[in-house]
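Now for the letters of each chain:
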Amino acid sequence: YGTRNQVVLPLNLETKIKGDDSVFKLAEICDTLDYTELYKAYVAHTGNMILSHYVAGFAYMNGIYSSREIEKACRNDIRFMWILHNSPV
């Protein structure tokens, strides 16, 4: 494998996803919700914030329920990558 000497530029994932994709509608809806109480309750029990309700919602919308399959989608599906890059953590 060795060392690769190449410049890595950030990719604007939005340009690679069709404008009418459901991922944009989900983000639009999630962005309008107030998660204050949910975060308070979650942090009180775990000490951490929820990593991504966007990812779980989009996975369920696409019939993906297994955590392993969700992880795989996050690595391989550009729409999940877009969610992870743009969602608040």
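Residues numbered from 1 in each chain as written. Predicted model: local features only at pLDDT ≥ 70, side-chain atom pairs only at ≥ 80, totals over all residues. Heavy atoms only, no water.

Chemist: Is there a simple way to think about the packing of aromatic side chains in this case?
Modeler: Overall, the coordinates contain 3 aromatic pairs when judged by the stated rule. Between F24 and W82, the ring centres sit 5.0 Å apart and the planes meet at 80°, which makes this aromatic pair edge-to-face. In this pair, F24 is assigned in helix α1 (residues 22-32) and W82 in helix α5 (residues 78-86), connecting sequence segments 58 residues apart. Since its relative accessible area comes to 19%, F24 is described here as buried. With relative accessibility at 9%, the residue W82 sits in the buried group. Between Y60 and Y65, the aromatic rings sit 5.6 Å apart at their centres with planes inclined by 20°, giving stacked as the arrangement. (Phe/Tyr/Trp six-rings, centres within 6.5 Å; stacked < 30°, edge-to-face > 60°. Helix = DSSP H or I, 4+ residues; strand = E, 2+ residues; numbered from the N terminus. Buried < 20%, exposed > 50% of the residue type's maximum accessible area, 1.4 Å probe, protein only.)

Chemist: What am I meant to see in the nonpolar core here?
Modeler: Within soluble globular proteins, side chains that are nonpolar generally end up buried alongside one another. One finds V23, F80, W82 and I83 to be the most contacted residues of the largest nonpolar core, which totals 20 residues. Contributions of two or more residues to this core are made by α1, α3 (53-61), α4 (67-76) and α5. Examining the composition of this core, we find that 5 residues originate from one element, α1, more than from any other. (Core = buried A, V, L, I, M, F, W, Y, C linked by side-chain atoms within 4.5 Å.)

Chemist: How do you make sense of the confidence of the model for the chain when you look at a structure like this?
Modeler: Any segment with low pLDDT has predicted coordinates that should not be analysed in fine detail. For the chain, per-residue confidence averages 78 on the pLDDT scale, and 72% of positions sit at 70 or higher. Per-element mean pLDDT across the chain ranges from 73 in helix α2 (residues 36-46) up to 92 in α4. (pLDDT = per-residue confidence, 0-100.)

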